[in-house]
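The residues making up each chain are set out below.
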Amino acid sequence: MKRWVSLLAGVLSVVLFIALLSPAAADAAAAALKAEYRLTHNTADTTTWHKGAVRFAELVRERTGGKVNIRVYPNAILTGGDQMRQADMAARGVIDFVLTSTLNITPLIPQFAVVSLPYLFNGYADVDRAFSGPAGKRLDEIMARYGLVNLAWGENGFRELTNSVRPIRTPADLKGLKIRVAVPIQVDILNALGANAIQMQWGEVYTALQQKVIDGQENPIGAVIIPQRVYEVQKYMTVWHYSYDALFLAVGKPTWDSFPPDIQQVIRQAAKEAMQYQVEISRQDTASGVDFLRKQGMEVYEPTPAEIQPFRDAAKPAFDKWAARVGPDLVALFEQAREAR
């Protein structure tokens, strides 16, 4: 009899423990969520970057019933305007989410310079195959080693050249022009093409162009040149697709590990949808962008593939130098995606 009483008491204790644990666990999980999560990116609130980030925040808030609130901070204001520090601060848990370009993460993860190799991609089809396949997955894996969980790929786009001095139709036309760039791989490429490349934070560029401290810059049309109103201080543009720039929306591992699995799933799906939207509007803006820029008074040169070849040839030493640095295996994954037509 005593045995049965003891057994019954044990069962009742377990039932009572479970009954008490469920609400307690739920309360603890809710209490662990912060009132606000911060997302940083380094462009203005008029860009497709910002629109994609805001869409992500809206979807997460809606689908978590308001439990996860993400505030978007543009212009790298959380890092004092230093666009290169954002990914590192997210990886360390100082900032929660980061939306930035593969170009901007190269100081932290040098292998990401592979995306910026000159004339690596011929068009959007090559890009889409690369980032949806083994090449994109390899970059996800590399990012994870540095404490970042990649949620989705977005797009900054093909980078085009603008300047205020003269039309650029051959590499010789670049000789002596001071062109702003963001990272060392671009310094090597633009110098190889004959320009005088000057590394500069994006927040300083408009004023530098306006005051003629620099002659030109290179950036995507839909994502940067139009929304950041570069056309107001530049006269000439060459649509040469010399380098591509992807975006990624990532979360620092400390923040990611603080979310329960159900919320992680919601965040991943929201990121994919938001970045799909960002890519769509970026490509739409790019498609209509050349006509818009011409109407703003810019002189736009669109070289043929034959006219591009001298630029490609001149940039080859920079390609080879940086391909060796990032690793031939990684370069091969991107080249395979380009050739798999």
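Residues numbered from 1 in each chain as written. Predicted model: local features only at pLDDT ≥ 70, side-chain atom pairs only at ≥ 80, totals over all residues. Heavy atoms only, no water.

The chain carries the name DctP family TRAP transporter solute-binding subunit in an unreviewed UniProt entry, which gives Carboxydichorda subterranea as its organism. Here is the UniProt Sequence similarities (unreviewed entry) comment for the chain, exactly as written: "Belongs to the bacterial solute-binding protein 7 family." (UniProt positions renumbered as here; feature names shortened; annotations may be inferred.)

## Topic: the overall build of the chain
Tallying secondary structure elements over the chain gives 12 helices and nine strands in all. Principal axes of the C-alpha set define a box for the chain whose edges measure 100 × 40 × 30 Å. For the chain, the proportion of contacts with a sequence separation of at least 24, taken over those separated by at least 6, is 76%. Total accessible area computed for the chain in this model is approximately 15100 Å², and 56% of it derives from carbon and sulfur atoms. Each charge class in the chain was averaged separately, 37 positive and 35 negative side chains, and the resulting centres sit 4 Å apart. (Helix = DSSP H or I, 4+ residues; strand = E, 2+ residues; numbered from the N terminus. Contact = heavy atoms within 4.5 Å. Areas by Shrake-Rupley, 256 points an atom, 1.4 Å probe, with all protein chains shown as cover. Lys, Arg positive; Asp, Glu negative; His and termini not counted. Charge placed at Lys NZ, Arg CZ, Asp CG, Glu CD.)

## Section: unusual backbone geometry
At Tyr119, a residue that is not glycine, the phi angle is positive and equals roughly 55°. If you trace the backbone, Tyr119 turns up in the loop between strand E3 (97-101) and helix H4 (124-132). Assessed through its relative accessible area of 5%, Tyr119 is described here as buried. (Buried < 20%, exposed > 50% of the residue type's maximum accessible area, 1.4 Å probe, protein only.)

## Topic: the pairing of strand E7 (residues 216-219)
A regular strand places its side chains so that they alternate between the two faces of the sheet. Neither face of E7 is left uncovered, since the one carrying Gly216 and Glu218 and the one carrying Gln217 and Asn219 both have all their residues buried. As paired strands, strand E4 (residues 148-163) and E7 are joined by four bridges and run antiparallel to one another. The residue bridging Glu160 from the neighbouring strand is Asn219, located in E7. Relative to E7, strand E5 (residues 178-181) runs parallel, the two being bridged by two bridges. Residue pairing in the sheet places Arg180 in a bridge with Gln217 of E7. (Pairing = 2+ DSSP bridges.)

## Comments concerning the side chain of Arg159
Counting through the fold element by element, Arg159 comes out in strand E4. Judged by relative accessible area, Arg159 falls into the buried class, the value being 2%. Within the structure, the side chain of Arg159 is placed 2.5 Å from the side chain of Glu218, a separation counted as a polar contact. Not counting residues up to four positions away in its chain, the partners in contact with Arg159 are Leu103, Arg180, Gln186, Glu218, Asn219, Pro220, Trp240, His241, Tyr242, Ser243 and Asp245. (Polar contact = N/O pair within 3.5 Å; in protein donor to acceptor, adjacent residues only side chain to side chain.)

## Here's the deal with the environment of Pro310
Mapping Pro310 onto the fold places it in helix H11 (residues 305-326). Counting along the chain gives 141 residues from Pro310 to Arg169, while the straight-line C-alpha distance between them is 9.9 Å.

## Some remarks on the packing of helix H5 (residues 134-145) against helix H12 (residues 328-339)
H12 packs onto H5 with a crossing angle of 145° between their chain directions and a minimal axis gap of 8 Å. Mapping the contact onto sequence places Pro134, Ala135, Arg138, Leu139 and Ile142 in H5 and Leu330, Leu333 and Phe334 in H12. For the contact of H5 with H12, the residue count by class is seven nonpolar, no polar and one charged. (Axes fitted to C-alpha atoms, helices over the stretch in contact; angles between N-to-C directions. Nonpolar A, V, L, I, M, F, W, Y, C, P; charged D, E, K, R; others polar.)

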